[in-house]
Amino acid sequence: MNAKTDQTIYWTLLVHENWRIYLAATSKGLCFVGTPNQPLEEMREWVEKHFSGSPLVQDDEKVQPYAAELIEYFQGIRKSFSIPFDVSGTPFQLAVWNALREIPYGQTSTYSDIALRIQKPAAVRAVGTAIGANPVLFTVPCHRVIGKNGSLTGYRGGLDVKTKLLQLEKSEGSPTYA
């Protein structure tokens, strides 16, 4: 995968309750949602890897629509996102991320379910790797993926964050385990 260049990356710091989350967007859409309470360096390294040579400019106003939808989600008001995305990955990663977006709010799927959904039933481990590479936490709901036995499994934001997100969504209705 070639890194994109010559595209300004705008960023802001979203603060919600105890979470500090860096967000980045291009003129096309949201491209990065950072891990809660990680330093600016996490975003800088990601931008350098995926948008090498592109300027990184703090612009709270340009990124505000993305921050607003995330805050609505954290408040339990928003159940899906209408914002545009600018994510790139391998065809396999994109298929996995699209499958994640199909998991309804308040429901969960397993890694095996995702592998079946993208018609790669033997690729369960690769599905896990692709989920781990999801650049836009929360908005592409990788937190809704659990182990086959119902256990919580790895999450870039940490299992505490994953638990909070699932509890937020569960409080809005009873989740079904698909």
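Residues numbered from 1 in each chain as written. Predicted model: local features only at pLDDT ≥ 70, side-chain atom pairs only at ≥ 80, totals over all residues. Heavy atoms only, no water.

Visitor: I'd like a rundown of the domain arrangement of the protein, residues and numbers included.
Guide: Under the domain assignment, the protein is made up of domain 1 (9-75) and domain 2 (91-170). Placing the centre of domain 1 and that of domain 2 at their C-alpha centroids yields a distance of 21 Å. Listed as interface residues are 14 residues of domain 1 and, on the opposing side, 15 residues of domain 2. For the pair domain 1 and domain 2, the summed buried surface comes to about 1,100 Å²; carbon and sulfur atoms form 70% of the total. Three residues, Trp-19, Val-33 and Tyr-73, lead the burial of domain 1 against domain 2; their summed loss comes to 49% of the area buried on that side. Where domain 1 meets domain 2, there are one salt bridge. Counting the contacts that link domain 1 with domain 2 gives six residue pairs in polar contact (both at pLDDT 80 or more). If you list the elements that add at least two residues to the side of domain 1 that touches domain 2, you get β2 (19-25), β3 (30-33), α1 (40-50) and α2 (60-74). Broken down by element, the residue count for the side of domain 1 that touches domain 2 peaks at four residues, all from β3. Taken together, the residues that form the side of domain 1 that touches domain 2 break down as 11 nonpolar, two polar and one charged. (Domains from an automatic or database assignment. Contact = heavy atoms within 4.5 Å. Buried area = accessible area lost by both parts, 1.4 Å probe. Salt bridge = Lys/Arg side-chain N within 4 Å of Asp/Glu carboxyl O. Polar contact = N/O pair within 3.5 Å; in protein donor to acceptor, adjacent residues only side chain to side chain. Helix = DSSP H or I, 4+ residues; strand = E, 2+ residues; numbered from the N terminus. Nonpolar A, V, L, I, M, F, W, Y, C, P; charged D, E, K, R; others polar.)

Visitor: Residues and numbers for the side chain of Arg-78, please.
Guide: Within the element layout of this structure, Arg-78 appears in the loop between α2 and α3 (91-101). Looking at Arg-78, its side chain comes within polar contact range of the main-chain oxygen of Ser-80, at 2.9 Å. Residue contacts for Arg-78: discarding those within four places in its chain leaves Glu-69, Glu-72, Tyr-73 and Tyr-105.

Visitor: Pulling in residues and values, what's your account of the packing of α3 against helix α5 (residues 124-132)?
Guide: Between two packed helices, what matters for the description is the angle formed by their axes and the separation of those axes. For the pair α3 and α5, the least separation of the axes is 9 Å and the interaxial angle reads 80°. Here α3 is positioned roughly perpendicular relative to α5, judged by the angle of their axes. Across the interface between the two elements, Phe-92, Gln-93, Val-96, Trp-97 and Leu-100 of α3 pack against Ala-126, Val-127, Ala-130 and Ile-131 of α5. Within the contact of α3 with α5, the residues separate by chemical class into eight nonpolar, one polar and no charged. (Axes fitted to C-alpha atoms, helices over the stretch in contact; angles between N-to-C directions. Parallel < 35°, antiparallel > 145°, perpendicular 65-115°, else oblique.)

Visitor: Before we move on, can you summarise α5 with the specific residues and values?
Guide: Listing the buried residues of α5 in full gives Val-127, Ala-130 and Ile-131. Projected onto a plane normal to the axis of α5, the buried residues spread over an arc of 100° and lie on a single side. Away from its buried face by more than 90 degrees, α5 exposes Arg-125 and Thr-129. Buried positions along α5 lie against α3, α4 (111-117) and β6 (145-146). (Buried < 20%, exposed > 50% of the residue type's maximum accessible area, 1.4 Å probe, protein only. Arc of directions from axis to C-beta.)

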